[in-house]
Amino acid sequence: MARSRSSSSRWKYINPSYYLKRPKRLALLFIVFVCATLLVWDRHTLLREHEEEVTKLKEEVFRLQFTLEELKTSKGVLGTMMNFKDHNSAGAEKRSTPYDHPLDIQRREKVKNAMLHAWSSYEKYAWGKDELQPQTRTGVDSFGGLGATLIDSLDTLYIMDLEEQFQRAREWVANSLDFNKDYDASVFETTIRVVGGLLSAYDLSGDQIFLEKAKDIADRLLPAWNTPSGIPYNIINLAHGKARNPGWTAGNSILADAASEQLEFIVLSQRTGDPKYQQKVENVITGINKIFPADGLLPIYIHPQRGTPSHATITFGAMGDSFYEYLLKVWIQGNRTAVVKRYREMWEISMKGLLSLVKRSSPSSFAYLCEKIGNSLINKMDELACFTPGMIALGASGYEPESSQKFLSLAEELTWTCYNFYQSTPTKLAGENYFFNPGQDLSVGTSWNVLRPETVESIFYLWRLTGNETYKDWGWDIFEAFEKNSRMESGYVGLKDVTTGEKDNMMQSFFLAETLKYLYLLFSPTSLIPLDEWVFNTEAHPLRIVTQHDQAGEHNTENVKSRARKEGQFGDE
């Protein structure tokens, strides 16, 4: 009975009337209920936050897996490079000291601040537009409204650890970038800036959206290659796929524009596993190889119907330049294997031809590259041709020691000449081209400066490949000249005249993509974008080196101008 009474006593606590007669206990029960509810709610919140964190970690694991797989290939590349003659120039980068000098850190930060100023001005006054006009503080769609500056800047932002700016740009690409435009686009400029910029952002970040967008725009460019010879037209309508050449080329395609898409399209086939991109661009080289001259020097025009060159200027400057550059860089990007050997062979033939264009001025003996028309040499050199010494130095590693040193020495001489293009003017900024007359050394021809990167590009390569610290000082001199003459409150501008300092009204997208990137890397440790793991396209977008397979586009399971070469649009107020 006692046990029964005890059980009845306990049941009374669940009877509501018990608490109604006892307010204090009712209040205590309410407090206990509230505390229990808060505890359960807090546990649910923690669980939700935990799930979100797990999702983020899974995404990071995926990105790291992608990077790890890429690095497997990089190990093979390093092994290949270490087998080269120790005398050659490529080894210099590996021998460079990892020590980050305080002066380098200081200079690097100033370049980064310049990038922030340029980017912030673009964000404020021209967001989503192709380029910024700083004097009028407006944006202009110089490339059909593809956000050229934004896409060109993605990898620079990433390399400089400007994470917030990169993420805002990434969101614009994901949500606002639309290629379905009734616009006649330059196949070349769209490839090097947009396809190259997106692929580089993908290789650096592993973010799939960049690869998807690169595939979208590349698909719109592909009909340009539908010609009897395989040589593409230079212009295509992005919405309708109708291709043509400029009216002023007499039906010809421009050499640099038609034969400088190999890097981007081969990389796109590697990343997607779809061989069609690589097949299109490699057909171009197959066709050119059939008519390749003994000196390896091609005129700037080639006919898309017949596949034959026209009588025109031969130059390593505007409209010729990047054809030669990509012969070397496809070989490098393909990991220097037998599959890409013909690119190297064609490049070496062209380098023999280049030697026939080298002359020296008087009285200072500046080495320079002539242009050629027929059998006549023209004593003129574009600033655009100042990419050449960097290219020569980069390719010197493939020669036997004696030839390697000969070409490296030529690269050093040409870089000195290009540096003097800058030092010879009152503003310390280079003009667009230079003439060489007996007893007068060099003199400015076309006197504008549109923030070009070519000289800085070669200075970067020569420092990486020789370890000579003097090149850093040269690069710094050029950076300070840009800061003094081109910086405005609303961005950076070119100069209409390097002798007077009169400003134009355009911040070229390649200033952010190339000029500032090369300057930043010049003052950075060699472990940042090492040259045995990455190759730069002609718009300075780094692409991972991946062994090229026998079959075009075979998926790599180890890791997953005249707009010639970056033409500057001259902007007036």
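None of these values were measured; they are calculated from a predicted model.

Visitor: Outline the overall build of the protein chain, listing residues and values.
Guide: Tallying secondary structure elements over the protein chain gives 19 helices and 18 strands in all. Sorting the 573 residues of the protein chain into buried and exposed places 56% on the buried side. Surface accessibility of the protein chain: about 23600 Å² in total, with carbon and sulfur atoms responsible for 53%.

Visitor: An account of a nonpolar patch on the surface is requested, with residue identities and associated values reported.
Guide: Together, F30, I31, F33 and V34 make up an exposed nonpolar region whose accessible area comes to about 410 Å². Mapped onto the elements, I31 comes out in helix α3 (residues 23–82).

Visitor: With reference to specific residues and values, describe helix α13 (residues 321–333).
Guide: Its 13 residues give α13 an end-to-end C-alpha distance of 18 Å, which sits within 8% of 18 Å, the value for a rise of 1.5 Å per residue. Counting buried positions along α13 gives 13 out of 13 residues, so the element sits mostly inside the fold. N335 sits one or two residues past α13 and shows a positive phi near 70 degrees.

Visitor: Describe in detail the pairing of strand β13 (residues 433–437), supporting the description with residues and values.
Guide: Both strand β12 (residues 380–382) and β13 contribute to a ladder of 3 bridges, which runs antiparallel. Its bridge partner being in β13, K380 is matched across the sheet by F435. Looking at chain direction, β13 and strand β14 (residues 441–444) are connected through 4 bridges and run antiparallel. Across the sheet, F436 pairs through a bridge with L442, a residue of β14. Taking the residues between adjacent antiparallel strands as the criterion, β13 and β14 are bridged by 3 residues, where G439 takes a positive phi near 80 degrees.

Visitor: Got a sec to walk through the pattern of salt bridges? Specific residues and values, please.
Guide: The tally for this structure, following the rule as stated, stands at 28 salt bridges. Here E371 ties to K380 by a salt bridge, and the two come within 3.0 Å at their closest N and O atoms. Residue class for E371 comes out buried when judged on its relative accessible area of 10%. A relative accessible area of 16% means that K380 is categorised as buried. E432 is paired through a salt bridge with R452; the nearest N and O atoms lie 2.8 Å apart. With E432 in the loop between α16 (401–423) and β13 and R452 in the loop between β14 and α17 (454–466), the pair connects residues that are 20 residues apart, well separated along the chain. By sharing partners, the salt bridges in this structure join D152, E189, R193 and E539 into a single network.

Visitor: Lay out the sheet that holds strand β3 (residues 184–186) in plain terms, naming residues and giving numbers.
Guide: Across the sheet, which stays open at both edges, the 3 strands sit in the order β3-β4-β5 with antiparallel pairing between neighbours. Edge positions in the sheet fall to β3 and β5 (243–244), since each has one partner strand and no second. Direction of pairing for strand β4 (residues 235–237) relative to β5: antiparallel, over a ladder of 2 bridges. From the neighbouring strand, I236 faces β5, where its bridge partner is A243. Against the sheet, helix α8 (residues 187–205) makes contact with β3 and β4, and its axis sits at roughly 65 degrees relative to β3, the strand it touches most.

Visitor: Lay out the packing of helix α5 (residues 102–126) against helix α7 (residues 163–175) in plain terms, naming residues and giving numbers.
Guide: A packed helix pair is summarised by two numbers, namely the angle formed by the two axes and the spacing between the axes. Their axes nearest at 12 Å, the elements α5 and α7 cross at an angle of 35 degrees. Where α5 crosses over α7, the two elements pack in a sense that is left-handed. Residue-level contacts link L116, W119 and E123 of α5 to Q165, R168 and A169 of α7. Looking at the contact of α5 with α7 residue by residue, the classes come out as 3 nonpolar, 1 polar and 2 charged.

Visitor: Please set out helix α6 (residues 148–159) residue by residue, giving values where relevant.
Guide: Most of α6 is tucked away: 11 of the 12 residues are buried. Within α6, burial applies to A148, T149, L150, I151, D152, S153, L154, D155, T156, L157 and I159.

Visitor: Describe in detail the packing of aromatic side chains, supporting the description with residues and values.
Guide: Summed over all chains, the structure comprises 30 aromatic pairs. Centroid distance F265 to Y277: 6.1 Å. Interplanar angle 65 degrees. Geometry classified as edge-to-face. On the criterion of sequence distance, the pair formed by F265 in helix α11 (residues 262–272) and Y277 in helix α12 (residues 276–290) is long-range, its members being 12 residues apart. One exposure class covers both F265 and Y277, and it is buried. Note on Y492 and F511: the rings are 4.9 Å apart at their centroids and 45 degrees apart in plane angle, and the pair reads as tilted.

Visitor: Which residues make up the state of the cysteines, and what values do they have?
Guide: A covalent bond between the sulfur atoms of two cysteines is referred to as a disulfide. Applying the stated rule across the entire model yields 1 disulfide. In this model C386 forms its disulfide with C418; the gap between the sulfur atoms is 2.1 Å. Residues C386 and C418 share a disulfide whose torsion about the S-S bond is about -95 degrees; that sign makes it left-handed. Residue C386 is located in the loop between β12 and α15 (388–395), and its partner C418 is located in helix α16; the two are separated by 32 residues in the primary sequence.

Visitor: Can you lay out unusual backbone geometry for me, pointing to particular residues and giving the numbers?
Guide: The omega torsion across S362 and P363 is 10 degrees, close enough to zero to call that bond cis. Of note, P363 is situated in the loop between β8 (358–360) and β9 (367–369). Residues other than glycine seldom take positive phi values, yet S365 does so here, at roughly 60 degrees. Within the element layout of this structure, S365 appears in the loop between β8 and β9.

Visitor: Describe the sheet that holds β12, with residues and values.
Guide: The 3 strands lie next to each other as β12-β13-β14, forming an open sheet whose pairing is antiparallel. If you trace the sheet from one side to the other, it starts and ends with β12 and β14, each paired once. On average, each strand axis in the sheet is tilted by 30 degrees relative to the strand beside it, whichever way the strands run.

Visitor: Describe the nonpolar core, and please don't skip the residues or the numbers.
Guide: Of all hydrophobic cores here, the largest spans 145 residues; its most connected members are I288, F316, F323 and F421. The dominant element in this core, judged by the number of residues it contributes, is α8, at 10 residues. Not counting residues within four places of it along the chain, the set of residues in contact with F421 comprises M381, D382, E383, C386, L429, A430, Y434, F436 and L442. In this structure, I300, Y301, A312 and M319 belong to the second largest nonpolar core, which totals 5 residues.

Visitor: Report on the side chain of R452, specifying residues and quantitative values.
Guide: Its relative accessible area of 5% is what places R452 among the buried residues. Here E432 takes part through its side chain, which lies 2.8 Å from a polar atom of the side chain of R452.

Visitor: Pulling in residues and values, what's your account of the packing of α5 against helix α18 (residues 470–485)?
Guide: At a minimum axis distance of 12 Å, the contact between α5 and α18 shows a crossing angle of 35 degrees. Regarding α5 and α18, the two cross each other, and that crossing is left-handed. Contacts between α5 and α18 involve D104, R107, K110, V111 and A114 on the former and, on the latter, K472, D473, W476, F479 and E483. Within the contact of α5 with α18, the residues separate by chemical class into 4 nonpolar, no polar and 6 charged.

Conventions we followed
Counting restarts for each chain, with residues numbered from 1 along the sequence as it is written. Whole-chain, interface and lining totals are the exception, using all residues; otherwise, since this is a predicted model, local features are given only for residues with pLDDT of at least 70 and side-chain atom pairs are given and counted only at 80 or more. By convention in this description, side-chain values take in all heavy atoms of the structure and omit both hydrogens and water. Runs of H or I in DSSP of at least four residues are treated as helices and runs of E of at least two as strands, each being numbered from the N terminus. Here the term buried applies to any residue with accessible area under 20% of the maximum for its type, exposed to any over 50%, and partly exposed to those in between, with areas from a 1.4 Å probe on protein chains only. Shrake-Rupley sampling with a 1.4 Å probe provides the accessible areas, and residues are treated as covered by the protein chains on show and by no other component. Within the patch definition used here, like charges are joined within 9 Å and nonpolar side chains (Val, Leu, Ile, Met, Phe, Trp, Tyr) within 5 Å, considering only residues with over 30% relative accessible area and no salt bridge. Salt bridges are defined by distance alone: a side-chain nitrogen of Lys or Arg within 4 Å of a carboxyl oxygen of Asp or Glu. The length a helix should cover is 1.5 Å for every residue beyond the first. What makes two strands pair is DSSP finding at least two bridges between them. Any two residues whose heavy atoms approach within 4.5 Å at even a single point are treated as in contact. All axes here are fitted lines through C-alpha atoms, helices being fitted over the stretch that makes contact, and every angle between N-to-C directions spans 0 to 180 degrees. The hand of a helix crossing depends on one turn: near helix anticlockwise from the far one by less than a right angle means left-handed, and clockwise means right-handed. Under the grouping applied here, Gly and all other residues not named as nonpolar or charged are polar, the nonpolar ones being Ala, Val, Leu, Ile, Met, Phe, Trp, Tyr, Cys and Pro and the charged ones Asp, Glu, Lys and Arg. Working definition: a ring pair exists when centres of Phe, Tyr or Trp rings (six-membered ring for Trp) sit within 6.5 Å. Plane angles under 30 degrees give stacked, over 60 give edge-to-face, the rest tilted. Disulfide assignment relies on a single distance test, namely cysteine sulfur atoms paired within 2.5 Å. By convention a nonpolar core is built from buried Ala, Val, Leu, Ile, Met, Phe, Trp, Tyr and Cys residues, the set being connected through side-chain atoms within 4.5 Å. Any pair of N or O atoms that falls within 3.5 Å is considered a polar contact. Within protein, one atom must be able to donate a hydrogen and the other to accept it, and sequence-neighbouring residues count only if both atoms are side-chain atoms.

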